[in-house]
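Observations on the model geometry
One-letter residues, chain by chain:
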Amino acid sequence: MSNFNSTIRSKCKKLFVAAIDFGTTYSGYAFSSTSDWSKVLTSNWTGGKVVTLKTPTALLLDANKEIKAFGYEAEDQYIELAREEEHEDYYFFHRFKMILHSEKAISRKTKLKDATGKEMEAIKVFELSIKFLVGDLMKNLKNSYTDIKQSDVEFVITVPAIWDDRSKQFMREAAREAGIDKASLTIALEPEAASIHCQYLPAKDHALSLSKYLGELAVGTKYLVADLGGGTADITVHHKVDDGSLEEMREASGGPWGGKSVDDAFEMFIEDIIGKESMKQLRTTSFDDYLELMRNFEMKKRSVKPGKEGNTFLSVPLGLVQIVKSDKSRKSLEKAIENSPYAGKVTFENWKLKWKNENFLRFFEVTIRNIKAHLREILYDSDMTDVETILMVGGFAECEVVQNAIREHFKTKRLVVPEDAGVSVLKGAVFFGHVPDAISRRKARYTYGIQSWPSFNPAKHPENKKVEVNGKYRCKDVFFKYVTKGQVLTLGYEKAQIFQALNPKEKKLECAIYISDSRDPVFVDDQGCRRLGVLTIPLPDLPDGAAIELEESMIFGETELRFQAKDIFSGKSYEVQMDLLGDTVDEDE
């Protein structure tokens, strides 16, 4: 083992830690025992003649919304159903995770549309997908450990670090509905998991992953972590501190610049040639052909070489050719290309699209431009000039086109891409379950605070904020700050405040939590401020005239925000789960 895990014991109290990497394009799981926690085993999936460590994020349900298949099997079964025209009563969901990034008002009522346009609650789709992965994991474990129970496993689910608190809670609730006990679930942030993976690898793996550049870094060294997945580019900067743990030097940022954005560019290219109606027909009534087309593109996307002269050929399914042929305005795929903006840049020969390599590489242009621009913004910041290493992980990081673009653009930086970049997040999430304090400090992504009602002060409060409460004038909507955006937060950093209920006869106290993109907001309705959610805290029955005082605490520095409330009169404490998706849930400690 490396120096790291030869001296560090797993902090997990269960027999195993299992991580689920629920990705936009691919998903999988991995696990290790607490007795030998650096030996991580991954799932294996068979797609055609290829065995991979992840499987497509695709879910097939029957007419009763019961799981029929997941991954490669879901795709293959749905293709067969579609070819036999027996697919209409089934539900097929494909690459649906990005709704948690793109849908800002995500809730339990948010709907997803399947391949034929049928709607279903998004949280149910996530739940069933996680349920399948957990079931497959347990079946895998039972093959070697016949007496093992799900309660013997600590689960870790990965999410992009750029996700907001609402999306994290959505994923946690879906996992709970899938049968994972809330006390046995940890949320891991994807770029953190990858960074931890490269820090804690056994020494025998150093040559494979190049992680010796990280594991042997001197205390005080900074490096940028770029997790380029299927859906998002998730970027942060880590700093090695005295105790060997990692500190987040810059709050996570990024955008929808994963491998799927290249797929989107290709789909738009096809739509420009065949038209919106034909593209809609391909995605719905000929979904098997659509899936075949995108699988073919995925293979070319992974294999194309940067800077290499020659041509790229892509097989076109028969269904696509027939759809275009039935379009009277286009008549054939050849004519559709001739009349499109891409005439002369692509041809159709022998059932294949043909590009010069330089033209095919243009599908990557916008995505790579966005990634480079964001990396520049970070690396050229005055506080980041001493960052010399870029650690690039995630499935999209394995693409040579992306690697070459980053290497050429940032020639003064050292680019480190582990050989197993596509599963660095997954394996690192397992490590995180064993060593949850591997990241010892994080940066606040927002300014967090509450709505307060202090006594009205005409010298500093505007008249339009003046309200009368129980015979006293107060200032409404004041932003009472708990932490500031960019503030360094240690694990379990707690910020508490004692409040007195304005009306002692109330049975509950509601406290709105606000976030802001500004470092110093004044009022909760300032520009850049928004309500995160509302905490509801039960109030005790007190004798007439008695004051009701509550100590409210927000706990920061972890991958999720936590809340506590304590009744000063009775000493009773509550672990308060602020429900960002609907009603608030309160639980006695």
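Here, every reference points to the structure presented above.
These numbers come from a predicted model, not from an experiment.

Next up on the list: the overall build of the chain. Of the regular secondary structure elements, the chain holds 17 helices and 34 strands. For 589 residues, the compact-globule estimate of 2.2 N^0.38 gives 25 Å, and the C-alpha radius of gyration of the chain, at 26 Å, lies within 12% of that figure. Expressed as a percentage of its 589 residues, the buried residues of the chain come to 55%. Looking at the chain alone, contacts between residues at least 24 apart form 68% of all its contacts between residues at least 6 apart.

Where helix α9 (residues 259-274) contacts helix α11 (residues 287-303), the two axes come as close as 11 Å, and the packing angle between them is 125°. Taken together, the axes of α9 and α11 are oblique relative to one another. Helix-helix and strand crossings are classified by hand; for α9 and α11 the assignment is right-handed. Here G259, V262, D263, F266, E267 and I270 of α9 lie close against α11, whose contacting residues are Y290, L293, M294, F297, E298 and K301. When the residues that make up the contact of α9 with α11 are grouped by side-chain class, the tally is seven nonpolar, one polar and four charged.

Next up on the list: the pairing of strand β15 (residues 233-240). Among the eight residues that make up β15, eight are buried, leaving the element largely enclosed by the rest of the structure. Residues A233, I235, V237 and H239 line one face of β15 and the alternating positions D234, T236, H238 and K240 line the opposite face, and both faces are buried. Both strand β14 (residues 222-228) and β15 contribute to a ladder of seven bridges, which runs antiparallel. By the bridge assignment for β15, Y223 is matched with H238. A loop of four residues connects β14 with β15, the two strands running antiparallel in sequence.

With that settled, consider helix α16 (residues 400-409). For α16, the full list of buried residues reads V401, V402, Q403, A405 and I406. For α16, the elements touching its buried residues are β14, α15 (365-379), β20 (389-393) and β21 (414-416).

The four strands lie next to each other as β26-β23-β29-β30, forming an open sheet whose pairing is antiparallel. Since the sheet does not close on itself, it has two edges, and those belong to β26 (478-483) and β30 (529-538), each with one partner. Averaged over all pairs of adjacent strands, the angle between their axes in this sheet comes to 35°, without regard to strand direction. Sheet analysis places strand β23 (residues 447-452) next to β26, joined by five bridges and oriented antiparallel. When the sheet's bridge partners are listed, G449 is paired in β26 with K481.

Bringing empty space enclosed by the protein into the picture now. Where empty space is left becomes clear once a probe the size of a water molecule has been rolled over the atoms. Counted under the stated rule, the structure contains two cavities of 30 Å³ or more. Here the largest cavity defines a volume of roughly 290 Å³. In this structure, the largest cavity is lined by 23 residues; those nearest its centre are K168, K443, R445, Y448 and E558. Of all the elements in the fold, those that place two or more residues in the lining of the largest cavity are α5 (165-177), β16 (246-255), β22 (439-443) and β31 (549-556). Broken down by element, the lining of the largest cavity gets its largest block of residues, three residues, from β16. Among the residues forming the lining of the largest cavity, the class breakdown is eleven nonpolar, two polar and ten charged. Within this model, the second largest cavity holds a volume of roughly 30 Å³.

Tracing the backbone through its elements, the reader meets R442 in strand β22. Side chain to side chain, R442 and E192 meet in a polar contact 2.7 Å long. Those residues in contact with R442 that lie beyond four places of it in its chain are L189, E192, E248, F432, Q487, V488, L489, L491, G557, E558 and T559.

Turning to the sheet that holds β22, a few remarks are in order. Spatially, seven strands are ordered β21-β20-β14-β15-β16-β22-β27 in an open sheet, and the strand pairing comes out mixed. The open sheet has two edge strands, β21 and β27 (488-490), and neither has a second partner. Adjacent strand axes in the sheet meet at a mean angle of 25° when their direction is disregarded. Alignment of β14 against β20, held across five bridges, turns out to be parallel. In the strand pairing of β20, D227 is matched with V393. Along the sheet, helix α6 (residues 190-200) makes contact with β14, β15, β16, β20 and β22, crossing β15 at roughly 45°.

Rules behind the numbers
Residues numbered from 1 in each chain as written. Predicted model: local features only at pLDDT ≥ 70, side-chain atom pairs only at ≥ 80, totals over all residues. Heavy atoms only, no water. Helix = DSSP H or I, 4+ residues; strand = E, 2+ residues; numbered from the N terminus. Rg over C-alpha atoms; globule rule 2.2 N^0.38 Å. Buried < 20%, exposed > 50% of the residue type's maximum accessible area, 1.4 Å probe, protein only. Contact = heavy atoms within 4.5 Å. Axes fitted to C-alpha atoms, helices over the stretch in contact; angles between N-to-C directions. Parallel < 35°, antiparallel > 145°, perpendicular 65-115°, else oblique. Left-handed = near helix turned anticlockwise from the far one by under 90°. Nonpolar A, V, L, I, M, F, W, Y, C, P; charged D, E, K, R; others polar. Pairing = 2+ DSSP bridges. 1 Å grid on protein atoms, 1.4 Å probe; cavity = no way out; pocket = protein on both sides within 12 Å on 5 of 7 lines; lining within 4 Å. Points joined across faces, edges and corners; volume = space filled by probe spheres on them. Polar contact = N/O pair within 3.5 Å; in protein donor to acceptor, adjacent residues only side chain to side chain.

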